[in-house]
Amino acid sequence: MRKLTYFIACTIDGFIGDPQGDATSMYQFVDAPFLEFLTAEYPETVSAQGREMLGIDAENKRFDTVVQGRGSYQIALDVGVTSPYGHLREIVATRSLAEPPHPDVELIADDLVGRIRELKAEDSPLGIWLCGGSVIAGQLIEEIDELVIKTYPQVYGSGMPMFGAGFEPRDFELNDLRVFDNGVFVRTYSRKR
């Protein structure tokens, strides 16, 4: 069975964006050593446009599918990009888009959990990347097998939480911790089931 990995950036206090979901203040921490780590370990998480701009020609290492909510996808749409991760199978959870803006983007309006379970049951050596956002992470919290949390040295005080879900403790085990000189650290957790 394939893993669903929530690979996400957040602040020290656990927010993935400001109250409107904007996380551009975190971009300043994507320096050369951190970008080298990302492109070596998670090359598929760099957008198609970013890969082209940076000259990244790497095979998908961990994921072959990306799932994101409408808010995350809207960031690309706002700059005229309809397929931000064209090197992956792209799925967008949305009730507000009737037709996909790109033929390779699949829209899911209902039964997101069921669709994720179908994807997890597929035969593939690569996993599924949950890109964001908060609401769909909350809907899929029971399906998440792994967390990869890029924590940036900022505090927001309030904003969009990692999970838009009700209170219920869920246990994860720390598998790896990577610390960078710029104050960023990346934690990898696996779900305790």
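You'll find the structure just up there.
Q: Talk me through unusual backbone geometry; I want residue IDs and the actual numbers.
A: Gly133 follows Gly132 through a cis peptide bond whose omega is 15°. Looking at the element boundaries, Gly133 is found in the loop between strand 6 (127-132) and helix 5 (134-139).

Q: Describe the packing of aromatic side chains, with residues and values.
A: Inspection of the entire model under this criterion finds 12 aromatic pairs. Both rings, one in Phe34 and one in Tyr152, keep their centres 5.9 Å apart while their planes meet at 85°; by these two values the pair is edge-to-face. Of this pair, Phe34 sits in helix 1 (residues 32-41) while Tyr152 sits in strand 7 (residues 146-152), placing them 118 residues apart in sequence. There is no split in this pair, since Phe34 and Tyr152 are both buried. A network of ring pairs unites the aromatic residues Phe7, Phe29, Phe34, Phe37, Tyr42, Phe63, Tyr85, Trp129, Tyr152 and Phe180 as a single cluster. Sitting over the face of the ring of Tyr42, Arg62 holds its NZ or CZ atom 4.3 Å from the ring centroid.

Q: Explain the side chain of Thr5 residue by residue, including any values.
A: Relative to the elements of secondary structure, Thr5 occurs in strand 1 (residues 4-11). A distance of 2.8 Å separates a polar atom in the side chain of Thr5 from a polar atom in the side chain of Glu146. In contact with Thr5, not counting residues within four places along its chain, are Phe63, Ile128, Trp129, Leu130, Glu146 and Val148.

Q: Outline the layout of surface pockets, supporting the account with residue identities and numerical values.
A: Roughly 160 Å³ of volume is contained in the second largest pocket. If you go around the second largest pocket, the residues you meet are Ile141, Leu147, Phe163, Ala165, Gly166, Phe167, Glu168, Pro169, Arg170 and Phe172.

Q: An account of the pairing of strand 6 is requested, with residue identities and associated values reported.
A: In terms of residue burial, strand 6 counts as a mostly covered element, since six of its six residues are buried. One ladder, built from five bridges, connects strand 3 (residues 63-69) with strand 6; its direction is parallel. The residue bridging Val66 from the neighbouring strand is Trp129, located in strand 6.

Conventions and cut-offs
- Residues numbered from 1 in each chain as written.
- Predicted model: local features only at pLDDT ≥ 70, side-chain atom pairs only at ≥ 80, totals over all residues.
- Heavy atoms only, no water.
- Helix = DSSP H or I, 4+ residues; strand = E, 2+ residues; numbered from the N terminus.
- Phe/Tyr/Trp six-rings, centres within 6.5 Å; stacked < 30°, edge-to-face > 60°.
- Buried < 20%, exposed > 50% of the residue type's maximum accessible area, 1.4 Å probe, protein only.
- Lys NZ or Arg CZ within 6 Å of the ring centre and 35° of its normal.
- Polar contact = N/O pair within 3.5 Å; in protein donor to acceptor, adjacent residues only side chain to side chain.
- Contact = heavy atoms within 4.5 Å.
- 1 Å grid on protein atoms, 1.4 Å probe; cavity = no way out; pocket = protein on both sides within 12 Å on 5 of 7 lines; lining within 4 Å.
- Points joined across faces, edges and corners; volume = space filled by probe spheres on them.
- Pairing = 2+ DSSP bridges.

Any link to function would need more than the numbers given here.
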